[in-house]
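# Survey of secondary and tertiary structure
So you can see what is in the structure, the chains are spelled out below.
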Amino acid sequence: MKIFSAHQLKEADQITLEKQGISSVDLMERAATLVYEEIHRRLQNADIPVKIFCGIGNNGGDGLVVGRLLIEQGYNVTIYVVNYSDQRSSEFLTNYDRVKNLTKNWPVLLKSEEDFPEISVGDFVVDAIFGIGLNRPLGDWVASLVRHINSSGAFVLAIDMPSGLMADAATDPKNDIIRASFTITFQTPKLVFFLPETAEFVGDYLVLDIGLDRDHLLKTEPVARLIGKPEAKALYRPRNKFSHKGTYGHALLVGGSYGKMGSICLSGTAALRSGAGMLTFYVPACGYEILQTALPEAMVLTDVHEKTLSKIEFDLDPSVIGFGVGVGTSKSTQQAFEQLLKKNKKPMVIDADGINILSKNKEFLKLLPEGTVLTPHPGELKRLIGEWKDDFDKLEKARQLAREHNLIMVIKGAYTFTVTSEEIYINNSGNPGMATAGSGDVLTGIIASLISQGYEPLVAAVLGVYLHGKAGDLAAENLSYEGTIAGDIAAHAGPAILDLFKQDENNEN
Ligand SMILES: NC(=O)C1=CN([C@@H]2O[C@H](COP(=O)(O)OP(=O)(O)OC[C@H]3O[C@@H](n4cnc5c(N)ncnc54)[C@H](OP(=O)(O)O)[C@@H]3O)[C@@H](O)[C@H]2O)[C@H](O)CC1
Ligand SMILES: [K+]
């Protein structure tokens, strides 16, 4: 699914009005009617107080339409107009009149803290104060209204965006932002729904197709793409009946150290479980028996050194090299890595201490082959690109590094972002059960495996991240979030591939 900016959505809005020959009040009616239907489907005429807080722009206009439709349906509704300015939009004014013509309970005007109504835990609050039009921090009393709503404990449904969040710019999480229980958003989710500093304000979200012009949206380059099952399925390449193990490449995983052989074993298991034709480990000598025993399907080459890597030499022609898992950052390992980079032309996936070594030796970056995939978690990323001001700054810095060295940056998190010089992909599979030791090692193995099978590195990264998340989801279905460990994620890489072809009941992810 494409993610558009506020500017792009407003442009699509205008084009839709022209092409469909409708007014913006009509489009507002269409969008807000869908919101009303969702609310009605959930509340089923329950007799609970519904309190709708409307701004004076078009987000507020949506709130007024929702209020009117709920009143018509017999709900117990109070509409509050958050009168932060006198610049009411014309769509707001049209709908303000429609409400006033319908009921004697006219909207209540809020102009300062004295006007705030009481909000009880059992109320159903609709936040229609600001949507994608917010472009600066909230003024004083509106900010305290947001605090008042947040502290009520009531269920809060945000229309389009939780008020206080900007669609395409960083919002200081210390600012006042509606903490929505649920967000119903129009046409596409917004980028900030997925960024670590702001995602928590959104709650669960639902995207409503409000019928913006399809042709226009199809040809508009998005700010990011959300990768769910349909997108991942489109990337998957079925196997040829007459293929052999050579067709699916030979993955070489270089890493491990004394006490950390489990990590590379997890990567290797995941690589084979996701389809690599052959797998060789290159590890310090102490790993030989461990890996031959733990993963008999793999071959093992050893360094002369017992506990860490000192010289990476092998007589085979790998399709891909995965480097860094469990490898440590000793001086001899850093040197061995440099030597490897100087002679290697094969695609690479670099994780964990591999990334830490790059951070210590920035000059190594220019030795990386084009399209190298780096898979940092936030700590590793910080060492690599330095501190960032906010999530947008982080994305920009990651993008700059990707551009400078032709890299693919897989930034791991609750929503993993894959960033190239041009594009952003946001993964939509996975769960909190995957926050467990070794989960990242499994991801490295899956991405390396897909490259070894002939997927382009970017496709391998995007599909690999999705399959990894889905494997975690499938593992947690049986084992719970708490009970899922990295080995379970690796074991479910195959079922995650099978799942691409399963029809879900709700036809979504
Ligand atoms: N295409 C769609 O997705 C549709 C969206 N709809 C809804 O419309 C809103 C967007 O409405 P808009 O009127 O553009 O913006 P807001 O309602 O969010 O904000 C209103 C104006 O408030 C001003 N502003 C911005 N920040 C602040 C602030 N901190 N304090 C005070 N005022 C602020 C700003 O105007 P300025 O000229 O002052 O900059 C805003 O324009 C969208 O979210 C949907 O809910 C349609 O209903 C259907 C189509
Ligand atoms: K809102």
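Residues numbered from 1 in each chain as written. Chains lettered and ligands numbered in written order. Predicted model: local features only at pLDDT ≥ 70, side-chain atom pairs only at ≥ 80, totals over all residues. Heavy atoms only, no water.

### Focus on the domain arrangement of the protein chain
If you check the domain split of the protein chain, you get domain 1 (2-222) and domain 2 (245-499). Computed over C-alpha atoms, the centres of domain 1 and domain 2 are 42 Å apart. Both faces combined, the contact of domain 1 with domain 2 buries some 970 Å², and carbon together with sulfur accounts for 71% of it. Between domain 1 and domain 2 we count 0 salt bridges in total. For the interface between domain 1 and domain 2, the tally reads 1 residue pair in polar contact (both at pLDDT 80 or more). The residue inventory of the side of domain 1 that touches domain 2, partitioned by class, reads 11 nonpolar, 1 polar and 2 charged. (Domains from an automatic or database assignment. Buried area = accessible area lost by both parts, 1.4 Å probe. Salt bridge = Lys/Arg side-chain N within 4 Å of Asp/Glu carboxyl O. Polar contact = N/O pair within 3.5 Å; in protein donor to acceptor, adjacent residues only side chain to side chain. Nonpolar A, V, L, I, M, F, W, Y, C, P; charged D, E, K, R; others polar.)

### Regarding the side chain of Thr-444
Positionally, Thr-444 belongs in helix 14 (residues 439-452). With residues up to four places along the chain from it excluded, the contact list for Thr-444 reads Ser-267, Val-325, Val-349, Asp-351 and Thr-375. (Helix = DSSP H or I, 4+ residues; strand = E, 2+ residues; numbered from the N terminus. Contact = heavy atoms within 4.5 Å.)

### Some details on the pattern of salt bridges
Scanning the model with the defined rule gives 19 salt bridges in all. Asp-499 is paired through a salt bridge with Lys-229; the nearest N and O atoms lie 3.4 Å apart. One end of the pair, Asp-499, is in helix 17 (residues 493-499); the other, Lys-229, is in helix 7 (residues 229-235), and 270 residues separate them in sequence. Comparing Asp-499 with Lys-229 shows no difference in burial state: the two are buried. One network of salt bridges, in which partners are shared, links Glu-29, Arg-68 and Arg-98. (Buried < 20%, exposed > 50% of the residue type's maximum accessible area, 1.4 Å probe, protein only.)

### Topic: the coordination of the potassium ion (ligand 2)
Of the protein atoms, only Asn-59 (OD1), Asp-127 (O), Phe-130 (O), Ile-159 (O) and Met-161 (O) coordinate the potassium ion (ligand 2), at distances of 2.5 to 3.0 Å. Every donor residue of the potassium ion (ligand 2) comes from the same chain, spaced as N-x67-D-x2-F-x28-I-x1-M. With a gap of 102 residues between them, Asn-59 in helix 3 (residues 58-72) and Met-161 in the loop between strand 6 (155-159) and strand 7 (182-186) connect regions that are remote in the sequence. By the burial criterion, Asn-59 is buried, and Met-161 matches it. (Donors = N, O, S within 2.8 Å, 3.2 Å for Na, K, Ca; no water.)

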